[in-house]
Every structure is written in C-alpha cells, then in structure tokens.
Amino acid sequence: MLDVALISHLPNFADFSRVELEDFIRQASARRVEKNTHFFSEGETASSFYLLLDGYIRVVRISPSGEQIIVRYIASHELFGIAAAIGRDTYPANAVAAVDCVALAWPMSLWPDTVKRFPSFANSASATLGNRLMDVQDRVIELATEQVEHRVAAALLKLLEQAGKETEEGILIDIPLTRQDVSDMSGTTLHTVSRLLSSWEQSGLVKSSRKKVIITDKVKLTNLYNR
DNA sequence: TCATTAATTGCCC
DNA sequence: GGGCAATTAATGA
C-alpha cells in the first residue's frame, strides 16, 4: 500500500483533501526502473502518466539519421509521460532511467477527470509543460546562434539547476554523465566536449572524471555562456 | 585478471 | 569544430 506522504507535500496536490489524496494514490502503482532501461518508448500507446519519486530520467529522441538526442533530463517530483495533457495518445519520446528510478504510475484514463477536479494539479501540470516549452525555445535559439562552448556550458548549467549537489570541491552534477551524453545534449561530439572539459578544468571552472562533472566556478562558467 | 566501456589526445580536414 | 584512430584509464564481472 502506497503512502500519501510520498506526494502530499507536492504543489500538484495542494487542493486535494486527505480522502481525495488517499483515493488518488490507491489508484497508483509504483514502478521501479533499473538504470539504462526504459519507462516507455517513443510512439508507444500512452497508457499511464507518471510522477518521478526518485532518480533521474533522460528524455531521448532518435534523429532520422539514427543519432540519439537527449532532449532533457527529468528530476524527482516532476510529472512525465503526460501525453494526454498535450492531446496525444502515444508518448512523444523515449524515457530512459539515468539511474535506478522509482515512479508512481496512474492510468492515463484518470487524467481528464483529475485535471477537471483539481486546479492545483492542472496548474502544476501546465507549469511543467510551460517550463519545458521555454527550455526547448532556449535551446532552439542556442543551437541556431551560439558557439559550441556556450551550448555545452548552458547544458551543464541546466543540469546543475536540476541535479546540483553541494560538495567540498564544488557543485556536483549528481547524474552519471558521459562526454557522449553531454554532446548528445548540446549538438556536438564527444571529442569536443572532452577537449572543452579538459581546458575548463585547466582554468579551474570544472573538475571532471569518469561519468562525473563538478562545477567549481559557476560564475565563470555562466559568464562564459553570457558572452 | 580480463573484457568492456569511457576518456584523452594528436593528426588531418 | 568534427572525424578518426591510437592509447590509456577506470570499472565491474
């Protein structure tokens, strides 16, 4: 039996009564997904919507030429797979666990009624979609106008926002992240990312090792990006 | 220890 | 900047 405490503190559920929340969570099922396996794939019938409780998810699309593009990462407490909210009956992208993940899943058939009954739920879903739309727009502009250095810096700063964790050395991006991953996010190659990270490491902006990036000077990295 | 996967670097376009 | 290859490093079975 799932506990309402898992979600009761989230703004999505602000106007659910205790009973309504209990009823809602009774209809959820917990889904554990191992690192590097799919929650769902692009084009699949969207039978559930999800709330990520723990972990990080990569949203991935495959370009016509077969290259993988990381569209974004999803962090804990975000809704995902909300195809119904944008009037689709299939998922628009692949959702892959970047680490071992736990999420709650509800049947998509509950979506319309839930949105109707609970403004807090509807509003936070809209906000989530709105934020993602803004991110996409930012990235379109970046890809069209910015230098590679700026795009890579922007990708790292975005991840920092979502998955930053304070450590003694700096702020760690708390997701296993290869050079390839970073290049799949910023439209460049792993070689260029490797070279950039090496030079940034020399000038003290970041520290990186295998699947790990720590930002040691966020201000300088941000300035680099704003130039 | 071995096989696999990731990262770095140099050379060339 | 990207593509490629050679090499080295880290990791996990």
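Residues numbered from 1 in each chain as written. Chains lettered and ligands numbered in written order. Predicted model: local features only at pLDDT ≥ 70, side-chain atom pairs only at ≥ 80, totals over all residues. Heavy atoms only, no water.

S.K.: Could you clarify how one ought to interpret the domain arrangement of chain A in this entry?
M.R.: Many structure descriptions define interface size as the accessible area lost when the parts assemble. You can read the domains of chain A as domain 1 (4–143) and domain 2 (146–226). One C-alpha centre belongs to domain 1, the other to domain 2, and the line joining them spans 26 Å. With 18 residues of domain 1 at the contact, the number on the domain 2 side is 17 residues. In terms of surface lost to domain 2, no three residues of domain 1 exceed Tyr56, Tyr73 and Glu142, which account for 45% of the buried area on that side. (Domains from an automatic or database assignment. Contact = heavy atoms within 4.5 Å. Buried area = accessible area lost by both parts, 1.4 Å probe.)

S.K.: How should I be thinking about the protein's contact with DNA strand B in this particular structure?
M.R.: Every residue lining DNA strand B is accounted for by Thr178, Arg179, His191, Ser194, Arg195, Ser198, Ser209, Arg210 and Lys211. For DNA strand B, the backbone portion of the atoms within 4 Å of the protein, that is sugar and phosphate, comes to 61%. One of the side-chain N or O atoms of Arg179 is found 2.9 Å from a phosphate oxygen in DNA strand B. Note that a phosphate oxygen of DNA strand B is positioned 2.7 Å from one of the backbone N or O atoms of Lys211. Looking at the surface near DNA strand B residue by residue, the class counts come to no nonpolar, five polar and four charged. (Near = heavy atom within 4 Å. Polar contact = N/O pair within 3.5 Å; in protein donor to acceptor, adjacent residues only side chain to side chain. Nonpolar A, V, L, I, M, F, W, Y, C, P; charged D, E, K, R; others polar.)

S.K.: Explanation requested: the sheet that holds strand S7 (residues 94–97) in the structure shown.
M.R.: The strands making up a sheet associate through backbone hydrogen bonding, with each pair oriented either parallel or antiparallel. As summarised here, the arrangement of the four strands in space is S2-S7-S4-S5, forming an open sheet in which the pairing is antiparallel. Each having just a single partner strand, strand S2 (38–40) and strand S5 (68–74) make up the two edges of the open sheet. When the angles between neighbouring strand axes are averaged without regard to direction, this sheet yields 30°. In the sheet, strand S4 (residues 57–62) pairs with S7 via four bridges, with the strands oriented antiparallel. The partner of Ile57 across the bridge, within S7, is Ala97. (Pairing = 2+ DSSP bridges. Helix = DSSP H or I, 4+ residues; strand = E, 2+ residues; numbered from the N terminus. Axes fitted to C-alpha atoms, helices over the stretch in contact; angles between N-to-C directions.)

S.K.: What am I meant to see in the protein's contact with DNA strand C here?
M.R.: In the vicinity of DNA strand C, the contacting residues are Gln147, Val148, Glu149, Thr188, Thr189, His191, Thr192, Arg195 and Arg210. Taking the atoms of DNA strand C that fall within 4 Å of the protein, sugar and phosphate contribute 71% of them. Between Thr188 and DNA strand C, the recorded distance is 2.6 Å, taken from a side-chain N or O atom to a phosphate oxygen. At the level of elements, helix H4 (148–163) and helix H6 (190–202) are the ones that each hand at least two residues to the surface near DNA strand C. For the surface near DNA strand C, the element with the highest residue contribution is H6, accounting for three residues. Within the surface near DNA strand C, the residues separate by chemical class into one nonpolar, five polar and three charged.

S.K.: Got a minute to help me understand the pattern of salt bridges in this structure?
M.R.: Proximity of charged atoms lets side chains of opposite charge pair with each other. The full count for this structure, using the stated rule, is 10 salt bridges. In this structure, the salt-bridge partner of Arg117 is Asp113, at a minimum N-O distance of 3.8 Å. Here Arg117 pairs with Asp113, and both are found in helix H2 (residues 111–117), just four residues apart, close to one helical turn. Classification of Asp113 as partly exposed rests on a relative accessible area of 38%. The shortest N-O distance in the salt bridge between Glu169 and Lys207 comes to 3.0 Å. Of the two residues, Glu169 is situated in the loop between strand S9 (164–166) and strand S10 (171–173) and Lys207 in strand S11 (residues 206–209); the sequence distance between them amounts to 38 residues. Residue class for Glu169 comes out partly exposed when judged on its relative accessible area of 42%. (Salt bridge = Lys/Arg side-chain N within 4 Å of Asp/Glu carboxyl O. Buried < 20%, exposed > 50% of the residue type's maximum accessible area, 1.4 Å probe, protein only.)

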